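Given next are the chains, with one letter for each unit.
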Amino acid sequence: MGEIWTDNAVHYINEEQFNASMNYRFFQAVQDYMIDRDISVEDFSNRLDGIRQSYPEEANYVMQNLMDSHDTPRLASIIVNAGRKFDRWGLPEDGFEVRKPNEKERKLQKLISLFQYTYIGAPMIFYGTEAGMWGADDPDDRKPMVWPDMDFEKESTHPVTGAERPEDENKFDEDLFKWYKKLGQIRNEHELLRTGEYKKIKSKDDLFVFARHKEKKNPIIVLLNRADKERKIDLELSKFITTPDKYRDLLSGKEMPVSLKNTITINLEAVSGAVLVPQ
């Protein structure tokens, strides 16, 4: 496994060197679309296609799809500081906000993590991101782990001497942890999310839909609504040879029938997603 940040990774992933690398190109694409909003969902889909096509097919299944690491700001803080280019101006002295993320920003973190756990490749989670930790670039991203059985003082000291910041409660985020745990269970219980082929179904109007399947039969379908509004989606499944009579969303538990026209209808809240499995 190589720690390679740039497009040069394509030169090192082969039979003689690395099996895969930390997928910082995935990181950049997700940040550009979901966080910074610099590209459209169509451009996002094309970027992902280009990244996959640049590697051997087998390597795509084990690429480390990460959104933060020991050398970057934490995901929650990247969201708080949207608009700062990948690996640029992420230090506290650069004016980077070090406050705790709010509820809306946490919702986007959940959507991004949903994508990490369902897209082709291996989700890589930096310690504490699943527990709600936040922070600017190194060394602010390397704070001590927040444990559920410990009490912590409020975070009130700015990493830059003399700079001011809000006083934030600092504790283990049980709700966020349960979300990541649920995503891990979903991935572990459904082999298609680990070894299934990837197929894009739709990328339009801030809706990104893809499938994980084998031989185009009974695919698992993932829907991501990045729009800041709720939407009703009528999704056609005719690109697949066979589909079941109905699907169930693993996140909400709701079931939805497949119509005679091979479509399903689903309502998605703003900045939310669904993982549909055949029933």
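For clarity, every value in this text was computed on a predicted model and none was experimentally measured.

Cut-offs applied
Residues numbered from 1 in each chain as written. Predicted model: local features only at pLDDT ≥ 70, side-chain atom pairs only at ≥ 80, totals over all residues. Heavy atoms only, no water. Helix = DSSP H or I, 4+ residues; strand = E, 2+ residues; numbered from the N terminus. Buried < 20%, exposed > 50% of the residue type's maximum accessible area, 1.4 Å probe, protein only. Contact = heavy atoms within 4.5 Å. Pairing = 2+ DSSP bridges. 1 Å grid on protein atoms, 1.4 Å probe; cavity = no way out; pocket = protein on both sides within 12 Å on 5 of 7 lines; lining within 4 Å. Points joined across faces, edges and corners; volume = space filled by probe spheres on them. Nonpolar A, V, L, I, M, F, W, Y, C, P; charged D, E, K, R; others polar.

### With respect to the side chain of S45
Right, on to step 1. For S45, the position within the fold is in helix α2 (residues 41–53).
Right, on to step 2. When its relative accessible area of 0% is taken as the criterion, S45 is described as buried.
Right, on to step 3. Residues within four places of S45 in sequence aside, it is in contact with K200, S203 and F208.

### A look at the pairing of strand β9 (residues 263–268)
Right, on to step 1. Covered by surrounding structure in β9 are I264, I266 and L268 only, the residues T263, T265 and N267 on the alternate face being uncovered.
Right, on to step 2. Both strand β6 (residues 231–236) and β9 contribute to a ladder of six bridges, which runs antiparallel. Paired with I233 across the strands is I266, a residue of β9.

### Comments concerning empty space enclosed by the protein
Right, on to step 1. Enumeration over the complete set of coordinates arrives at one cavity of 30 Å³ or more.
Right, on to step 2. In this model, the largest cavity occupies a volume close to 60 Å³.
Right, on to step 3. Around the largest cavity, the lining residues are N23, F26, L48, I51, R52, N60, M63, N65, Y119 and I120.
Right, on to step 4. Sort the elements by how many residues they give to the lining of the largest cavity and α2 lands first, with three residues.
Right, on to step 5. Along the lines of polarity and charge, the residues of the lining of the largest cavity split into six nonpolar, three polar and one charged.

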